[in-house]
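A closer look at the structure
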Protein chains: 4
Amino acid sequence: MEKTARVLIDCKDAKGLVYKISKVFYDRGLNIDNNREFVDKENERFFMRTVVSGAFDVKELLDALKADIPGDAHIRVIEPEDKKIILLATKESHALGDILVRHADGELDAQIQCVIANHDTLQTFVRRFDIPFFHIPAEGMSREEHEELVMRLIGEFEFDYIVLAKYMRILTPTFVKAYPEQIINIHHSFLPAFIGANPYKQAFDRGVKIIGATAHFVTDDLDEGPIIAQDVIPVNHRLTWKDMQRAGRDGEKIVLSRALTLVLDDRVFVNGNKTVIF
Amino acid sequence: MEKTARVLIDCKDAKGLVYKISKVFYDRGLNIDNNREFVDKENERFFMRTVVSGAFDVKELLDALKADIPGDAHIRVIEPEDKKIILLATKESHALGDILVRHADGELDAQIQCVIANHDTLQTFVRRFDIPFFHIPAEGMSREEHEELVMRLIGEFEFDYIVLAKYMRILTPTFVKAYPEQIINIHHSFLPAFIGANPYKQAFDRGVKIIGATAHFVTDDLDEGPIIAQDVIPVNHRLTWKDMQRAGRDGEKIVLSRALTLVLDDRVFVNGNKTVIF
Amino acid sequence: MEKTARVLIDCKDAKGLVYKISKVFYDRGLNIDNNREFVDKENERFFMRTVVSGAFDVKELLDALKADIPGDAHIRVIEPEDKKIILLATKESHALGDILVRHADGELDAQIQCVIANHDTLQTFVRRFDIPFFHIPAEGMSREEHEELVMRLIGEFEFDYIVLAKYMRILTPTFVKAYPEQIINIHHSFLPAFIGANPYKQAFDRGVKIIGATAHFVTDDLDEGPIIAQDVIPVNHRLTWKDMQRAGRDGEKIVLSRALTLVLDDRVFVNGNKTVIF
Amino acid sequence: MEKTARVLIDCKDAKGLVYKISKVFYDRGLNIDNNREFVDKENERFFMRTVVSGAFDVKELLDALKADIPGDAHIRVIEPEDKKIILLATKESHALGDILVRHADGELDAQIQCVIANHDTLQTFVRRFDIPFFHIPAEGMSREEHEELVMRLIGEFEFDYIVLAKYMRILTPTFVKAYPEQIINIHHSFLPAFIGANPYKQAFDRGVKIIGATAHFVTDDLDEGPIIAQDVIPVNHRLTWKDMQRAGRDGEKIVLSRALTLVLDDRVFVNGNKTVIF
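Owing to the predicted nature of the structure, the values given are computational and were not obtained by experimental measurement.

A few words on the interface of chain D and chain A. Chain D puts 22 residues into the contact, and the matching count from chain A is 22 residues. Counting only elements with at least two residues in the side of chain D that touches chain A, the list comes to β11 (227-234) and β13 (274-277) of chain D. Per-class residue counts for the side of chain D that touches chain A are 12 nonpolar, six polar and four charged.

The next point concerns unusual backbone geometry. Backbone torsion omega between L191 of chain B and P192 of chain B reads 5°, so that peptide bond is classified as cis. Mapped onto the fold, P192 of chain B is located in the loop between β9 (183-187) and α7 (199-206). Positive phi is not limited to glycine here, since E44 of chain B has a value of about 50°. Residue position: E44 of chain B is located in the loop between β2 (31-40) and β3 (45-55). Even without glycine at this site, N198 of chain D takes up a positive phi of about 45°. For N198 of chain D, the location among the structural elements is in the loop between β9 (183-187) and α7 (199-206).

Turning our attention to the confidence of the model for chain A. For chain A, per-residue confidence averages 95 on the pLDDT scale, and residues scoring 70 or more make up 100% of the total. Scored by ipTM, the complex comes to 0.93, with pTM at 0.95.

Further remarks concern the nonpolar core. Counting 335 residues, the largest nonpolar core has A165 of chain A, A165 of chain B, A165 of chain C together with A165 of chain D as the members making the most contacts within it. Those residues in contact with A165 of chain B that sit more than four places away from it in its chain are L87, L88, A89, A95, L96, I99, I186 and L256 of chain B.

Turning our attention to the relation of the copies chain D and chain A. Of the transformation superimposing chain D on chain A, the axial component is 0.0 Å and the angular component is 180°, with the fit at an RMSD of 0.0 Å. Taken together, the rotation angle and the small translation identify this as a two-fold axis. Across chain D, the smallest distance between a C-alpha and the rotation axis is recorded for A193 of chain D, namely 2.2 Å. An overlap of 100% is found between the interface residues of chain D and their copies at the interface of chain A, pointing to a shared contact surface.

For the rest of this paragraph, the subject is the sheet that holds β9 of chain B. Residue and element names in this part refer to chain B. Spatially, the seven strands line up as an open sheet ordered β7-β6-β5-β8-β9-β10-β11, and their pairing is mixed. On the outer flanks of this sheet lie β7 (133-135) and β11 (227-234), each paired with one strand and no other. Taking the axes of each pair of neighbouring strands and ignoring which way they run, one obtains an average angle of 20° across the sheet. As paired elements, strand β10 (residues 210-217) and β11 share seven bridges and run antiparallel to each other. Across the sheet, residue G212 finds its bridge partner in β11, namely V232.

So, on to the sheet that holds strand β11 (residues 227-234) of chain C. Residues and elements named next belong to chain C. Pairing within the open sheet is mixed, and its seven strands lie in the order β7-β6-β5-β8-β9-β10-β11. Among the strands making up the open sheet, the edge pair consists of β7 (133-135) and β11. Each strand of the sheet is rotated relative to its neighbour by a mean of 20°, with strand direction disregarded. For strand β9 (residues 183-187) and strand β10 (residues 210-217), the ladder comprises four bridges, and the chain directions are antiparallel. Across the sheet, I184 pairs through a bridge with F217, a residue of β10.

Glancing now at the interface of chain A and chain C. Listed per partner, the contact involves 12 residues of chain A and 12 residues of chain C. Breaking the side of chain A that touches chain C down by element, the ones donating at least two residues are α1 (17-27) and β2 (31-40) of chain A. Tallying contributions element by element places α1 of chain A first for the side of chain A that touches chain C, with six residues. Here the side of chain A that touches chain C is built from residues that sort into five nonpolar, four polar and three charged.

Okay, the domain arrangement of chain A next. Residues and elements named next belong to chain A. Domain annotation of chain A identifies domain 1 (2-78) and domain 2 (83-277). The interface of domain 1 with domain 2 comprises 10 residues on the first partner and six residues on the second. Listed by contribution, the elements that provide at least two residues to the side of domain 1 that touches domain 2 are β1 (2-12), β2 and β3 (45-55).

So, on to the relation of the copies chain A and chain C. Once chain A is rotated about the relating axis by 180° and shifted along it by 0.0 Å, it coincides with chain C to within an RMSD of 0.0 Å. Of all interface residues in chain A, 100% are interface residues in chain C too; the two copies therefore contact each other through one and the same surface.

Here the focus is the environment of Y19 of chain B. Its location among the elements puts Y19 of chain B in helix α1 (residues 17-27). Between the alpha carbons of Y19 of chain B and F278 of chain B there is a distance of 20 Å; along the sequence they are 259 residues apart. Among residues more than four places away in sequence, those in contact with Y19 of chain B are S22, K23, F25 and Y26 of chain D.

Turning to the packing of helix α3 (residues 94-104) of chain C against helix α8 (residues 241-264) of chain C, a few remarks are in order. All names here are of chain C. Orientation of α3 relative to α8, taken along the N-to-C sense of each, is 45°, at an axis distance of 8 Å. Comparing their axes, α8 and α3 come out oblique. Remark: the crossing between α3 and α8 carries right-handed chirality. For the pair α3 and α8, the contacting residues are H94, A95, D98, I99 and R102 in the first and R249, E252, K253, L256, S257 and L260 in the second.

All names here are of chain D. By the secondary structure assignment, T172 is in the loop between β8 (161-164) and α6 (173-178). The class of T172 is partly exposed, set by 16 C-beta atoms lying within 10 Å. Taking C-alpha positions, T172 is 26 Å from T261, a pair spaced 89 residues apart along the chain. Those residues within four positions of T172 in sequence are excluded, and the remaining contacts are R143, E144 and E147.

Attention now moves to the pairing of strand β6 (residues 110-117) of chain B. Residues and elements named next belong to chain B. Note: strand β5 (residues 83-89) against β6, seven bridges, orientation parallel. Along β6, the bridge assignment pairs A89 with A117. Note: β6 against β7, three bridges, orientation parallel. Counted as the bridge partner of I116 is F134 from β7.

Quick notes on the rules
- Along each chain, the written sequence defines residue order, and numbers are assigned to residues from 1.
- Here the convention is simple: chains get letters from A, ligands get numbers from 1, in the order in which they are written.
- For a predicted model such as this one, the threshold for reporting local features is a pLDDT of at least 70, and the threshold for listing and counting side-chain atom pairs is 80 or more; totals across whole chains, interfaces and linings nevertheless cover every residue.
- Contacts here follow a simple rule: the backbone-placed C-beta atoms of the two residues must lie within 7 Å.
- Only DSSP runs of H or I reaching four residues or more are called helices, and only runs of E reaching two or more are called strands; each is numbered from the N terminus.
- Only Asp, Glu, Lys and Arg are considered charged in this grouping, and only Ala, Val, Leu, Ile, Met, Phe, Trp, Tyr, Cys and Pro are considered nonpolar; every other residue, Gly among them, is considered polar.
- pLDDT gives the predictor's per-residue confidence on a scale running from 0 to 100.
- Any set of buried Ala, Val, Leu, Ile, Met, Phe, Trp, Tyr and Cys residues joined through C-beta atoms within 7 Å is what this text calls a nonpolar core.
- A residue is called partly exposed when the number of other C-beta atoms within 10 Å of its own lies between 12 and 20, exposed at 12 or fewer, and buried at 20 or more, with C-beta atoms placed from the backbone.
- Each copy is superposed on the other by least squares, with the fit set by C-alpha atoms of residues at a pLDDT of at least 70 in both.
- DSSP bridges decide pairing: two strands pair if at least two such bridges lie between them.
- Axis lines are fitted to C-alpha atoms, over the contacting stretch for helices. Their N-to-C directions set the angle, which ranges from 0 to 180 degrees.
- Throughout, the edges of the domains are those of an automatic or database domain assignment.
- Should an angle fall under 35 degrees it is called roughly parallel, over 145 degrees roughly antiparallel, and 65 to 115 degrees roughly perpendicular, with every other angle called oblique.
- In this scheme the handedness of a crossing depends on how the near helix is turned from the far one: anticlockwise by less than a right angle means left-handed, clockwise means right-handed.

Below, the structure written as structure tokens:
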């Protein structure tokens, strides 16, 4: 039976990798529909994303690739299907709404399991889309206590990624470590400019002529994780910081959705503190 | 009682206009919160948008301005309040959804009266937002007959603007003439490139490296009305025209919403077949 | 002896191409430093640009590749060295100057053979850079007569590409056919908008909010050849068309130089009336 | 005799300023060719740039304006003429070359007095343009000693602005204070990201998807002065930091020349640590 799979390989660079890998495909009579490679010479890492089609068994293909490629390789053979995501939000609806509308439109290859928020502001909004909404207030408890409740709820769902759609709380290392390379955040500045709180106020105070937005994987270091996508918006002296915040929202939502689409499409490899994007 | 108004003036250029107009404000003790002017030297037209605050009577202020400015002037004194809009759509939800989410978020200074569509595809989607949805199918009738039904429905609402949020039907001159400078359209190309049907297919066939979107007022000439806003998205040889269409949607929705915001803010003057935007 | 070569392959798509090609490299112990492929599914064409390094004989490598790839394939093995270019200009110095400064700076992998212009305006300017300048006035002769003189002069030089750095004359089919896929032009608009004369005046008259520049290979159809690079610049109602022209110059020179760099780097394949750019 | 002047006003905001100023113009029968205002509400500052034409005496006009506007106002009446600039450079020619080509082309309203460099690399290049070139080596002396030599040389010329066209030395407070609001620098990053040395290396290490360039007035705080212009260039994982450096050069030169043009046109007001740009 004809089918399609994405083959993702991340390993130490070596001579002959393309040959060996393409030989595995060739020997099975597979078509290469799409193929991209990258060698990080500084760190001697090889990255490859190939879309193959034909008649094959996923496990057999994976085993054959593993047999041919050095021991430390990270190899995946993925049949395209909707990934499962959990959305975290606070009060703002623009980034969340952009994802919900795309989802309703069938544009995202994802199943949204639920939205979890630390305020109930977005409850009506989310339920319009027939998505489960959970409100876990943070008042009167420690950051750790609140996160524990959130993590317990997350634990009740299957999921591939957690998307912070303007979730305005700082995460503890415990939370971050629990979901490595699985948490995607949108930061409302052109990182690494304006790390931390209220980046639009910072941008206004600095008098920049361009503001930006950055989608990145979340790691222990606040706003320092691997960057997936960035975009910018021109501004000028006439904008107050509230105006910048308003203008910046378009960038935020577009960049977050673009990053999410890339991730759902298995186009993003994490390479140390950077990304390789095919 | 302190209040705010937008004073919009569009008249033949003449010496002393800024002086005469600012004198009217000064004599009434009004503050100028914001002021922008433009002189179209080629056509000898003067445009001015001033936000004034203070204690004043709208009619008295308007009369004073009219007394001081030559006869052909188009002068408006507008107290900021939500404008009323009607949305027309077909099957796609991205541009429409962007407006609905902004509206739900309180970001648009507008009241959405209803959505009218020639297909029922978007009915559930629109009703999630508690906005009246009307389906007027076009099957089995002439363009004129269909438009008459649409116009009759429009006639039952108060409205300031009609927004074509990917309304995929060509309008007759009768329709267009009925709502001069009131219909805003989003065209899915960087006009004047790729006028007419399927611009993404045209862009793909031409092999361009950038695609775009254009929001404009609708006039008799298809895709030839005054342009309000444009934006572009880089593409490359790897994109099929379907990919371009998908990538282009982000530009379409952002540009249409940006144009709508400018119009709702009374920042757009029509100047012949162009716009002046403050 | 270790060396580097760019292997460029353009052929009918077929199963196993990547395998067969990478096997040729593998059998010779070559490193793949860089590799990019593209399959145009609509037209069933396969494109590949690989940078290999190691000890090899160019002819032997080329023959081995030819033996393995179907008959219609266009295969090149190119050792990186400066390409030879001829510049044609008229009166404006910005696009020409940008190339001359980059060349003086050692940034371009090119040897500039000469500048040919139909006016003598740029003579002093060009000679500052120690580049031969030839003035071939067009006055008092037919287009064909003038071109014959230009072609005769071109014929006295070795060259890989002819760059029209704001050469403001329309070329005859005879001229264009003499140098297929060798003539690079900069058009001062975002093609296909504003084809033909005075695109900035056209853009001004249309009231666009963005202007552009397009670098393309020249073919028989005026401004219709394969596009190599494009860029845009935001404009507004305050700009006269002369202002647009001035603002547009930055785009023109950057886009032309970017296209030239891509071509000199052997990154541009012509695919029908489009380009594939690696 | 008809002439034109730029009237630049920067003062504490107050009611009636536009009226009072336009009255001065009106009473003298002057045309307002162009007029832009901005009120910084946070700091209660009023900025205005008006181009007037007609028959007037500069001193009389200036005195009339001063009589009408509160004591702390900074008022200038400037008749357009070439400003004088001094260029400082090190070894790179792209930003310097861009200015020299524009100057040779008559595009800049400036007279270049000389180029001063701490290396002799650019000597031949600069002299091609018939611009005096001075080499002041920094070897074997302290920063202060070197700057003293540079300042002594600068002192021998009349000048309005000093342009650092990739002058790769850090300036002492003494130098900076000697030329307040007169030194324009290009920083090769999107400030405030990547302050300090080797910003492309920093950008590469951080894995950003966009790099930038920033033109700003130089103040005591390194890379912290008022920003005049910024622009960005998309990058990806395939670029080494040397590639980013190369790609970034286009942004650097365009942004510096754009900032310089704005300054020469008297369009830039310094407002604390920010700029107002008309």
